[in-house]
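If you want the building blocks of each chain, they are given just below.
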Amino acid sequence: MPSSQKLLLVLLLASLGLPTPASAHIEVKPKKAPAGQRATLTFIVENESSTAGTQKLDVQLPEGISAVTPRSVRGWKVRLQRSGGNIDRLVLTAPQGREIPAGHNRGRFSFSVALPGRPGAKLPFKVLQTYEDGGIQRWIGSPGSEEPAPTLRLTASKAPGQEGSQSQPAQGSANSTTASDDSADNDEDDGGSGVLIAIVAAIVLAAAVAAWALWRRRRRS
């Protein structure tokens, strides 16, 4: 296909606003949870280096987070740091051979936490991601930036006994600990969106080629 035709297709796809795969990042799931409740948060960490694995995560906990308990940490060591009696940092370190491998691989780390009672608040979890070669990725920016911090939005607390909530009333406290969990980490579901995007891209590309060919035939006739 001539370069002019390729350029036409590129411009057409861009004008259609076709979504592109997201770059490497760190997410927290769920995206929202009831304020003042206890919830399980899962950090999904993508390794974007093609040559070095991820061996350390340093998470700055938002103000008001308490009672942090590891649930599934892939065998990594967990250390809670305190300041003024409050837990303010969560540090995870990979033992030898347990790093998130180089390439676009993902790791999942789950924790049970007590959330502050501030409905409507957005809680950023600023993360420093350290690679084996000493490189550091700073996920500390605002939403929409190149290196956004994973963010949790607090919703209104649900009444006791209300269905549809997996959260529990916040209670208890947490101490510094080293923990490990050998639970299986399955990331098959993370590939679903990429496959869907590829299918949509193929459909739109085929439609664009057909439309261009029809336009060329009509122009010559």
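Up top is the structure.
Residues numbered from 1 in each chain as written. Predicted model: local features only at pLDDT ≥ 70, side-chain atom pairs only at ≥ 80, totals over all residues. Heavy atoms only, no water.

Peer 1: Could you clarify how one ought to interpret empty space enclosed by the protein in this entry?
Peer 2: One way to see where empty space is left: roll a probe the size of a water molecule over the atoms. Taken as a whole and judged by the stated rule, the model has 2 cavities of 30 Å³ or more. Approximately 50 Å³ is the volume found for the largest cavity. Forming the walls of the largest cavity are Ile26, Phe43, Val45, Leu57, Val59, Leu90, Leu92, Phe109, Phe111 and Val127. Listed by contribution, the elements that provide at least two residues to the lining of the largest cavity are strand 3 (37-47), strand 4 (54-60), strand 7 (86-93) and strand 8 (105-114). Tallied by class, the residues present in the lining of the largest cavity amount to 10 nonpolar, no polar and no charged. (1 Å grid on protein atoms, 1.4 Å probe; cavity = no way out; pocket = protein on both sides within 12 Å on 5 of 7 lines; lining within 4 Å. Points joined across faces, edges and corners; volume = space filled by probe spheres on them. Helix = DSSP H or I, 4+ residues; strand = E, 2+ residues; numbered from the N terminus. Nonpolar A, V, L, I, M, F, W, Y, C, P; charged D, E, K, R; others polar.)

Peer 1: Which parts of the structure should I look at to understand the pairing of strand 8?
Peer 2: Remark: a regular strand shows side chains that alternate across the two faces of the sheet. Of all 10 residues in strand 8, 8 are buried, a share of seventy percent or more. Bridge count for strand 3 against strand 8 is 10 bridges, and the pairing is antiparallel. Counted as the bridge partner of Ala39 is Val113 from strand 8. Both strand 5 (residues 66-72) and strand 8 contribute to a ladder of 4 bridges, which runs antiparallel. Within the sheet, the bridge partner assigned to Ser72 lies in strand 8 and is Ser110. (Buried < 20%, exposed > 50% of the residue type's maximum accessible area, 1.4 Å probe, protein only. Pairing = 2+ DSSP bridges.)

Peer 1: Help me out: how do you make sense of the pattern of salt bridges in this one?
Peer 2: Side-chain pairs of opposite charge can arise whenever the charged atoms involved come near each other. Using the criterion set out here, one finds 3 salt bridges in the structure. With a closest N to O distance of 3.3 Å, Lys31 and Glu27 form a salt bridge. Notably, a salt bridge pairs Asp58 with Arg89, separated by 3.0 Å at the nearest N-O pair. Taken together, the residues Asp58 in strand 4 and Arg89 in strand 7 connect sequence positions 31 residues apart. Looking at Arg89, the relative accessible area reads 21%, which means it is partly exposed. (Salt bridge = Lys/Arg side-chain N within 4 Å of Asp/Glu carboxyl O.)

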